[in-house]
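# Descriptive structure summary
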Amino acid sequence: MGAQIKTLSFLAYIIRIYQTEVGHHSTLMVKGMLSLLTICPHEVAHLRKELLIAARHILATDLRSKFVPLMEKLFDENILLGKGWTTFETLRPLAYSTLADLVHHVRQLLPLADLSRAVQLSSKNVHDESLPTSIQTMSCKLLLNLVDCIRQRSEQEGGNGKELLVKMMEVFVLKFKTVSKLQLPILISKHLPPPAPTPPSSSTAILAPLTPGVPSLAPLQSPATPGNPQTPATPATPDIKTETVDIKPAPSPAPAALGQDKESLELEKKVKFGFPTSQAGNYSVSDCRALVKTLVCGVKTITWGLANTKAADGNTQSKQFQPKETLIYIRLVKWAMEALDVYTLNTCPGTPPRA
């Protein structure tokens, strides 16, 4: 298996130079690549990574159109990623970006069934919080690039492309809600301005000693006057009292308490094992703004597609939205206006926030 993948990597290295010669055997090459993806061991992550990198270089050439008849297999995650836990956790961004590039370049050649599979996979990735925000943004861009293709294929094949566009709109609205309810509070807590220092009170400022550790001096008496023949009093030296304090060592924890601490730590490790790592710590304002901008452009494109796509009965005269679609747009206004608050965050302390 390793030698076969190395051979494919060498072929990907020279394919631009000998693209005509490789084109004569492109059908066998495509079948061989899919066979390698299918039989690659699930837990051998480095082999599948090398295979995906080689496939990415090959798909960057004009031979990508040879994969159109077999797109259904590429949309199968058991073939693309396998069933291994390591590959699933480490190679998903590479696999999804490679597949998104392929779909973007051959979208005009895909039938409505493959477009529907692309919409389903991209919609799932948009709401997968274990993926980086950049992959979610890329999935949103792919969805809005498929709108016109869905409209054309729906008219040519007589399919119900409008229903598919409505589902895409629901995906975008739900993502607006996720941004406003999940990502935005985390970003706001990260960029809160530091609390202003409280000025000390007047009484505290008078009684506080100037030098730490030195007691404050007693107030001086008034100087001698003709009516008051007193001399200024010298400050009295404060008496220093020393007390012996019996310091006892802190009691050591009981063995039962130590056992409970160890059990709690082991329980935390068991709970954390097997769960995907959260991306909450990796949220950034720039990525969130790019995602919101892509979502706004996406709902604009989908709205145009809904107004110009035939319904299941072939009627395009009425551009009035159905009650179900109207409810989606009501929720769009609610959650999108909240998500736009990301542009009010001040990432630079010296600059005022955006209006």
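Here's what I pulled together on the structure shown here. (Residues numbered from 1 in each chain as written. Predicted model: local features only at pLDDT ≥ 70, side-chain atom pairs only at ≥ 80, totals over all residues. Heavy atoms only, no water.)

### Description of the nonpolar core
Counting residues in hydrophobic clusters, the biggest one holds 81 residues, and the most contacted among them are Leu99, Val103, Ile150 and Phe176. For this core, the element with the highest residue contribution is helix H12 (residues 161-190), accounting for twelve residues. (Core = buried A, V, L, I, M, F, W, Y, C linked by side-chain atoms within 4.5 Å. Buried < 20%, exposed > 50% of the residue type's maximum accessible area, 1.4 Å probe, protein only. Helix = DSSP H or I, 4+ residues; strand = E, 2+ residues; numbered from the N terminus.)

### With respect to the packing of aromatic side chains
Tallied over the full model, the rule gives zero aromatic pairs. We note Arg92 situated over the ring of Phe88; from NZ or CZ to the ring centre the distance is 4.4 Å. (Phe/Tyr/Trp six-rings, centres within 6.5 Å; stacked < 30°, edge-to-face > 60°. Lys NZ or Arg CZ within 6 Å of the ring centre and 35° of its normal.)

### What about the environment of Thr38?
Tracing the backbone shows Thr38 in helix H3 (residues 26-39). For Thr38 and Lys73, which are 35 residues apart along the polypeptide, the C-alpha to C-alpha distance reads 9.5 Å.

### Considering helix H10 (residues 133-145)
The terminal C-alpha atoms of H10, which comprises 13 residues, lie 19 Å apart, in line with the 18 Å expected from a rise of 1.5 Å per residue. When we look at burial in H10, the residues that qualify are Thr133, Ile135, Gln136, Thr137, Ser139, Cys140, Leu142, Leu143 and Leu144. Residues of H10 that are buried make contact with helix H8 (92-106), helix H9 (112-126), helix H11 (147-157), H12 and helix H15 (285-308). (Expected span 1.5 Å × (residues − 1). Contact = heavy atoms within 4.5 Å.)

### Describing the pattern of salt bridges
Counted by the stated rule, this structure contains nine salt bridges. Note that Arg117 is salt-bridged to Glu72, the shortest N-O span being 3.6 Å. Linking Arg117 in helix H9 with Glu72 in helix H5 (residues 71-74), this pair joins segments that are 45 residues apart in sequence. With relative accessibility at 28%, the residue Arg117 sits in the partly exposed group. The salt bridge involving Asp148 is made with Arg151; its shortest N-O contact spans 2.9 Å. Of this pair, Asp148 and Arg151 both sit in helix H11, three residues apart, which is roughly one turn of that helix. By relative accessible area, which is 26% here, Asp148 ends up partly exposed. (Salt bridge = Lys/Arg side-chain N within 4 Å of Asp/Glu carboxyl O.)

### Things to note about the packing of H11 against H15
At their nearest, the axes of H11 and H15 sit 9 Å apart, and the two run at 15° to each other. Taken together, the axes of H11 and H15 are roughly parallel relative to one another. Handedness of the crossing formed by H11 with H15: right-handed. Contacts between H11 and H15 pair Val147, Asp148, Arg151 and Glu155 from the former with Thr301, Ile302, Trp304, Gly305 and Asn308 from the latter. (Axes fitted to C-alpha atoms, helices over the stretch in contact; angles between N-to-C directions. Parallel < 35°, antiparallel > 145°, perpendicular 65-115°, else oblique. Left-handed = near helix turned anticlockwise from the far one by under 90°.)

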